[in-house]
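The chain contents come next:
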Amino acid sequence: MNGKEKDLLVKAKQILSHNWKDGFTVPTNRLYPFQWNWDSGFVSMGFGHFNLDHAMNELASLFSGQWRNGMVPHIIFHSEKEKTYFPNYDFWKANVNAGAPNKPKTSGITQPPVHGFILEQLLLQHPKEEKLIAFAKILFSKIVDSHRFFYQYRDPNREGLTFIFHPWESGRDNSPLWDESMDRIVIDYKKLPKYVRRDTSLADPSERPTSEQYDRYVYLLELGKKHKYDGEGIAEESPFLIQDSLINAILIKSNQSLINIGKQLNLDTGELKEWQSQSKKAYKQKLWNKELGCFTTYDLRGEHQILHKEIGGIFPIFAEIPTKRQAKKINDYLVDLHNRKYYICPSFDVDSPLFDSKRYWRGPIWPQMNWMIYHGLKAYGYDKTAKIVRKDLMELVQKLGFYEYFESQKSIVKTINKGYGGDSFSWTASSIIDFIYNP
Ligand code: GLC
């Protein structure tokens, strides 16, 4: 660890400790004042390196919001007094579903299921720690329940691929991937409840989703609510019905981690193995696109692959889904972007007219994505590219601070002095901590 890395490490640990709110960690103060599902997975991994109790508590408090149907909600509203966020728990009304806990309050949708592989990371960090092993045995079955939710409630044709019905479930809220499905939504403004956004007064509106997009987010939320958030009517009715490349790859990655953990701790993995073999097969068959040279997301309502090159399409290397030849294509693509003076990995196709290097999921670099893709590249032996992915993130954070996400064009980075979105961001800190401890 060199001097610069030491400084980054100190800062990163301070950020996590500062964002820790006595039992859980916020992604960033102000903009996101509660606990977010996949964020908290990365937070736990970061804390694992210097405060194992916090790492375990983080996951325990996330799963305290788990529903009876197994779903882990995308937001856990630990504080009912905090009113600065929209949509708050009183707008979600998760209690339309009898299996939603009364406390803590939660949202009604989910997010990428990272917790299986995060738990494996913690066990790799502390292979002999008894309190962690005891904790892992309890959490294991809760995570399996959350995977069962995807297969039971989100896969009506029993394909082994799960659907999402809201862009927020994908983790990539406003990716251009969703534009076609979102445009399908016809809003009857007499029926859409009135609401006031909070995000645009806390962050630069030019970096945030537009108001037309936001109305559609609210429309889909209302559709979920109407069907108690897990009813069959969602698949029948939702204009937005997507088999997302990222969420399905993360599910596969976490299935594998749980299978590994089960073997290590002598836990039953029969069901997991069945899901895993069906999902991997379906993923390879349905989502690869030869012309694009990457995987795609599938529009289940329109019944076609969504033909864009974006981060979810190169991501499956993290779950070791691609063949060697497919992985080479993905590696070549990243090397080409690097040679063309982009930081890698941009969240959207830089050659598309829809690319926007500043706006959220339409082009910038996202720290936790770099962390996962780094490991995927290493698994296929692309160590050189993996090193660039690591170095690019370290450099961005060093130059621009611990922001939520970053500019992807090197020529622009030279002219700015901070990153985008929220500052002192938890998953940025965690990714840096793990990169430094596991070079
Ligand atoms: C944004 C991101 C989402 C993340 C959340 C909290 O909504 O798109 O992926 O979980 O912020 O950081």
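In case you missed it, the structure is sitting above this.
Cut-off values and rules
Residues numbered from 1 in each chain as written. Predicted model: local features only at pLDDT ≥ 70, side-chain atom pairs only at ≥ 80, totals over all residues. Heavy atoms only, no water. Salt bridge = Lys/Arg side-chain N within 4 Å of Asp/Glu carboxyl O. Helix = DSSP H or I, 4+ residues; strand = E, 2+ residues; numbered from the N terminus. Near = heavy atom within 4 Å. Polar contact = N/O pair within 3.5 Å; in protein donor to acceptor, adjacent residues only side chain to side chain. Areas by Shrake-Rupley, 256 points an atom, 1.4 Å probe, with all protein chains shown as cover. Nonpolar A, V, L, I, M, F, W, Y, C, P; charged D, E, K, R; others polar. Phe/Tyr/Trp six-rings, centres within 6.5 Å; stacked < 30°, edge-to-face > 60°. Buried < 20%, exposed > 50% of the residue type's maximum accessible area, 1.4 Å probe, protein only. Lys NZ or Arg CZ within 6 Å of the ring centre and 35° of its normal. Pairing = 2+ DSSP bridges.

Draft legend 1. How the structure looks around the pattern of salt bridges. One pass over the full model with this rule turns up 22 salt bridges. Across the pair Glu222 and Lys225 runs a salt bridge whose closest N-O atoms are separated by 3.0 Å. Here Glu222 and its partner Lys225 are both found in helix H9 (residues 211-226), 3 residues apart, which amounts to about one turn of the helix. In this structure, a network of salt bridges that share partners links the residues Asp145, Arg148 and Glu271.

Draft legend 2. Spatial organisation of the site of the ligand. As a structural note, the neighbourhood of the ligand is formed by 13 residues, with Asp39, Gly171, Asp173, Tyr360 and Trp361 the closest of them. Within the contact set of the ligand, an oxygen atom lies 2.6 Å away from a side-chain nitrogen or oxygen of Asp39. Starting from 310 Å² of accessible surface for the ligand in isolation, the protein chains cover 97%. Residue classes in the shell around the ligand are distributed as 8 nonpolar, 2 polar and 3 charged.

Draft legend 3. The packing of aromatic side chains, seen in detail. All chains considered together, the criterion is met by 42 aromatic pairs. Judged by centre distance (5.7 Å) and plane angle (80 degrees), the ring pair of Trp20 and Phe47 falls under edge-to-face. Taken as a pair, Trp20 in the loop between helix H1 (3-19) and strand E1 (35-36) and Phe47 in helix H2 (residues 37-48) lie far apart in primary sequence, 27 residues in all. Since its relative accessible area comes to 0%, Phe47 is described here as buried. Plain terms: the ring middles of Phe149 and Tyr153 are 5.4 Å apart, the flat faces sit at 25 degrees to each other, and that makes the pair stacked. In this pair, Phe149 and Tyr153 are both assigned in helix H6 (residues 130-153), 4 residues apart and thus about one turn of the helix distant. For Phe149, a relative accessible area of 1% translates into the label buried. In this structure, Lys410 packs its charged tip against the face of Tyr343, placed 5.1 Å from the ring centre.

Draft legend 4. Geometry of the sheet that holds strand E7 (residues 297-299). Taking strand neighbours across the sheet as the criterion, the 3 strands line up as E4-E7-E8 in an open arrangement whose pairing is antiparallel. Two strands bound the open sheet, and with one partner strand each, they are strand E4 (242-243) and strand E8 (304-306). With 3 bridges connecting them, E7 and E8 associate as antiparallel partners. The residue bridging Thr297 from the neighbouring strand is Ile306, located in E8.

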